[in-house]
Amino acid sequence: MVWNLNAQNEIYEVARQSPATAARSFAMVQGAVYDAVNAIAGAPYQPYLIAPRARRGYSADAAVAAAASGVLLSLFPEQAATVRAQYDAALAEIPDGRAEAGGVEVGRRAADAMIAARVGDGAFGSATWNVGTAPGQWWPTPPAYAQDGAWFGELRPFVIPDAAMFRTSGPPALSSAAYARDLNEVKAIGGVTSAVRTLDQTQSAIWWHDRRLTEWAMKRQLAEVRQLSTLQTARMFAMVDITNVDALIACYNEKKYWNFWRPVTAVQEANDDGNPATSADPSWMPLLVTPPFPDYTSGHTCSFSAITLTWQRFFGRDDIATSAYSADSGTTRAFPSFSAALAEVVEARIWGGVHYRSANVQGVRIGTGTARYVLAREFRPRH
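Residues numbered from 1 in each chain as written. Predicted model: local features only at pLDDT ≥ 70, side-chain atom pairs only at ≥ 80, totals over all residues. Heavy atoms only, no water.

Asker: Would you explain the overall build of the chain in this entry?
Answerer: Across its full length, the chain holds 13 helices and two strands. Its C-alpha atoms give the chain a radius of gyration of 22 Å, within 12% of the compact-globule value 21 Å for 383 residues. Counting every position in the chain, which comprises 383 residues, the buried fraction comes to 59%. Sequence separation of 24 or more characterises 78% of the internal contacts of the chain that already satisfy a separation of 6 or more. (Helix = DSSP H or I, 4+ residues; strand = E, 2+ residues; numbered from the N terminus. Rg over C-alpha atoms; globule rule 2.2 N^0.38 Å. Buried < 20%, exposed > 50% of the residue type's maximum accessible area, 1.4 Å probe, protein only. Contact = heavy atoms within 4.5 Å.)

Laid out in structure tokens, this is it:
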């Protein structure tokens, strides 16, 4: 729990990584932490990368600190002073001796294995999005007219063998009734001045769009409320973060393949889409700031569907309540089940004006497919 908060501090509060970039960082940290803790527990579960030689008397706390800090130092060398201070504070709470030293060695080996595994994975590469000019093709959106994150679709996955393995049939044809329904729905309810969106829907859209992802707090809440052990917490965090990063890699690969325009462009340029059931509004703007990459599919629904299926599999049930506070919306939202939370994010991305329904629905398909694949092969009991 402490080192997950430390990781959030370095990954987001200081480095301000985007949700996709942060997913890679969290997966590296939590994967290494899991391997270290699992090894000290006698490796009752399949390791993600490695099960360093360990004795049960070794300190799991020392292993967690060494694994997490080792990965964070490799990711953020310019933040070394903070990370080392966190590490020193953690070690100060552990009695000196063989248990501490053994735990540190196990954690360092787990971190080294993770760092080595991600060398040359394509992170922060020079890839760019394909800027189009024809109807249906993506081009940069207001207010910044920027593009970002194209490298993520080419990132080597953590588990799945091919980022394109869950390829969908693509967005509806511009001339279709399905496309007109998608566009007219987001136009009506997702605009910044929408007269049909309720206050609760507005708050939901902002809550789910918070860059300090509320899922991070929900994950820690589940570990605390369900009174998970150190090993159970490390395993759950790794399962969530590694399924999440692969779902996002598959999603960004999909975005690059289809290169579909965002609602803000589609609404403003609707007179050129060839569909008689749509009409342009050149002044239309979404409630939320549109992210700087193509629409199809929704990264948030790819991500959260992978997370919810992982929670369902880990806990063996769906009806577990979760909640979190968002500073952006100034509200706390609560859900009676994982599936209820997922159902809301599908709607919230439309209410915010940044995705079409089909992009959200197909994002769920990619996320659940990814999670099923990963969880069938990783983190399983060895006996």
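Next comes the rest of the description.
Asker: Where do I start with the layout of surface pockets in this structure?
Answerer: To find leftover empty space, one rolls a probe the size of a water molecule over the atoms. By volume, the largest pocket is sized at about 650 Å³. Around the largest pocket, the lining comprises 44 residues; the ones closest to its centre are Ser18, Pro19, Ala20, Arg211 and Tyr252. When residues of the lining of the largest pocket are traced back to their parent elements, those giving at least two are helix 2 (19-40), helix 8 (214-225), helix 9 (230-258) and helix 11 (299-315). Here the lining of the largest pocket is built from residues that sort into 23 nonpolar, twelve polar and nine charged. Of the volumes computed, that of the second largest pocket is approximately 380 Å³. Around the second largest pocket, the lining is made up of 23 residues, and of these Met1, Val2, Trp3, Asp61 and Val64 lie nearest the centre. Its residues assigned to classes, the lining of the second largest pocket shows 14 nonpolar, six polar and three charged. (1 Å grid on protein atoms, 1.4 Å probe; cavity = no way out; pocket = protein on both sides within 12 Å on 5 of 7 lines; lining within 4 Å. Points joined across faces, edges and corners; volume = space filled by probe spheres on them. Nonpolar A, V, L, I, M, F, W, Y, C, P; charged D, E, K, R; others polar.)

Asker: I would appreciate a short explanation of the packing of helix 1 (residues 2-14) against helix 4 (residues 80-92) in the present structure.
Answerer: The geometry of helix 1 relative to helix 4 is characterised by a closest axis approach of 11 Å and an angle of 170 degrees between their N-to-C directions. Here helix 1 is positioned roughly antiparallel relative to helix 4, judged by the angle of their axes. Counting all contacts with helix 1, which are made through Trp3, Asn6, Asn9 and Glu10, the residues of helix 4 involved are Thr82, Val83, Gln86, Tyr87 and Ala90. A class-by-class count of the residues in the contact of helix 1 with helix 4 yields four nonpolar, four polar and one charged. (Axes fitted to C-alpha atoms, helices over the stretch in contact; angles between N-to-C directions. Parallel < 35°, antiparallel > 145°, perpendicular 65-115°, else oblique.)

Asker: How should the pattern of salt bridges be read in this particular structure?
Answerer: Opposite charge on two side chains allows them to pair when their charged atoms are near. All told, the structure shown has eleven salt bridges when counted by the stated rule. Note that Asp319 and Arg317 form a salt bridge whose closest N and O atoms lie 2.9 Å from each other. Its relative accessible area of 48% is what places Asp319 among the partly exposed residues. A relative accessible area of 35% places Arg317 in the partly exposed class. (Salt bridge = Lys/Arg side-chain N within 4 Å of Asp/Glu carboxyl O.)

Asker: Would you mind going over the pairing of strand 1 (residues 322-326) with me for this structure?
Answerer: Look at any regular strand and the pattern is simple: side chains alternate between the two faces of the sheet. Across the two faces of strand 1 the burial differs, with Thr322, Ala324 and Ser326 buried and Ser323 and Tyr325 not buried at all. Pairing geometry for strand 1 and strand 2 (residues 331-335), over five bridges, is antiparallel. Paired with Ser323 across the strands is Ala334, a residue of strand 2. (Pairing = 2+ DSSP bridges.)

Asker: Would you mind showing me how to read the nonpolar core here?
Answerer: Buried together is how nonpolar side chains tend to be arranged in soluble globular proteins. With 117 residues, the main nonpolar core has Phe152, Phe158, Met236, Phe304, Trp311 and Phe315 as its most contacted residues. In this structure Trp311 touches Met218, Lys219, Leu222, Met236, Val240, Phe304, Gly316, Arg317 and Phe338, once residues within four positions along its chain are discounted. (Core = buried A, V, L, I, M, F, W, Y, C linked by side-chain atoms within 4.5 Å.)

Asker: What should I look at first to understand the packing of aromatic side chains in this one?
Answerer: Counted under the stated rule, the structure contains 23 aromatic pairs. Taken together, a centroid distance of 6.2 Å and an interplanar angle of 85 degrees make the contact between Tyr179 and Phe260 edge-to-face. Note that Tyr179 is positioned in helix 6 (residues 177-189) and Phe260 in the loop between helix 9 and helix 10 (263-268), a separation of 81 residues in sequence. Note on Phe260: relative accessible area 6%, which makes it buried. One aromatic cluster is present, formed by Trp207, Trp208, Phe304, Trp311, Phe314, Phe315, Phe335 and Phe338 through successive ring pairs. In this structure, Lys219 is placed above the aromatic ring of Phe237, and the distance from its NZ or CZ to the ring centre is 4.9 Å. (Phe/Tyr/Trp six-rings, centres within 6.5 Å; stacked < 30°, edge-to-face > 60°. Lys NZ or Arg CZ within 6 Å of the ring centre and 35° of its normal.)

Asker: What should I look at first to understand helix 8 in this one?
Answerer: Each full turn of the α-helix corresponds to 3.6 residues, which orients residues three or four apart in the same direction. In a regular helix each residue adds 1.5 Å, so twelve residues correspond to 16 Å; helix 8 covers 16 Å between its end C-alpha atoms and thus fits that length. Gln227, located one to two residues past helix 8, shows a positive phi value of around 55 degrees. (Expected span 1.5 Å × (residues − 1).)

Asker: Explanation requested: the side chain of Asp35 in the structure shown.
Answerer: On the secondary structure map, Asp35 appears in helix 2. Of the side chains with opposite charge, Arg382 comes closest to the buried, unpaired Asp35, at an N-O distance of 9.7 Å. At 2.6 Å, the side chain of Asp35 forms a polar contact with the backbone nitrogen of Tyr48. Excluding residues that lie within four positions of it along the chain, Asp35 makes contacts with Pro47, Tyr48, Leu49, Ile50, Pro52 and Ala110. (Lys, Arg positive; Asp, Glu negative; His and termini not counted. Polar contact = N/O pair within 3.5 Å; in protein donor to acceptor, adjacent residues only side chain to side chain.)

Asker: I tried to follow the environment of Val267 on my own but got confused; where do I start?
Answerer: Here Val267 lies in helix 10. A C-alpha to C-alpha distance of 5.4 Å links Val267 and Ala280, two positions 13 residues apart in sequence.

Asker: Explain the pairing of strand 2 here, please?
Answerer: Because side chains alternate across strand 2, one face comprises the buried residues Thr331, Arg333 and Phe335, and the other comprises Thr332 and Ala334, none of which is buried. Taking the residues that link successive antiparallel strands as the turn, the strand 1-strand 2 hairpin has four residues, and the phi of Gly330 there is positive, at about 70 degrees.

Asker: I would appreciate a short explanation of unusual backbone geometry in the present structure.
Answerer: Cis geometry is adopted by the peptide bond preceding Pro143, which originates at Pro142 and carries an omega value of 5 degrees. Structurally, the position occupied by Pro143 is in the loop between helix 5 (98-117) and helix 6. Cis geometry is found at the peptide bond from Tyr296 to Thr297, where omega equals 10 degrees. Located in the positive-phi region is Arg16, a residue other than glycine, with phi close to 55 degrees. Looking at the secondary structure, you find Arg16 in the loop between helix 1 and helix 2.

Asker: Would you mind going over helix 2 with me for this structure?
Answerer: Its 22 residues give helix 2 an end-to-end C-alpha distance of 31 Å, which sits within 8% of 32 Å, the value for a rise of 1.5 Å per residue. When you tally the buried positions in helix 2, you get 21 out of 22 residues, the bulk of the element. Looking one or two residues beyond helix 2, the residue adopting positive phi is Gly42, at roughly 95 degrees.

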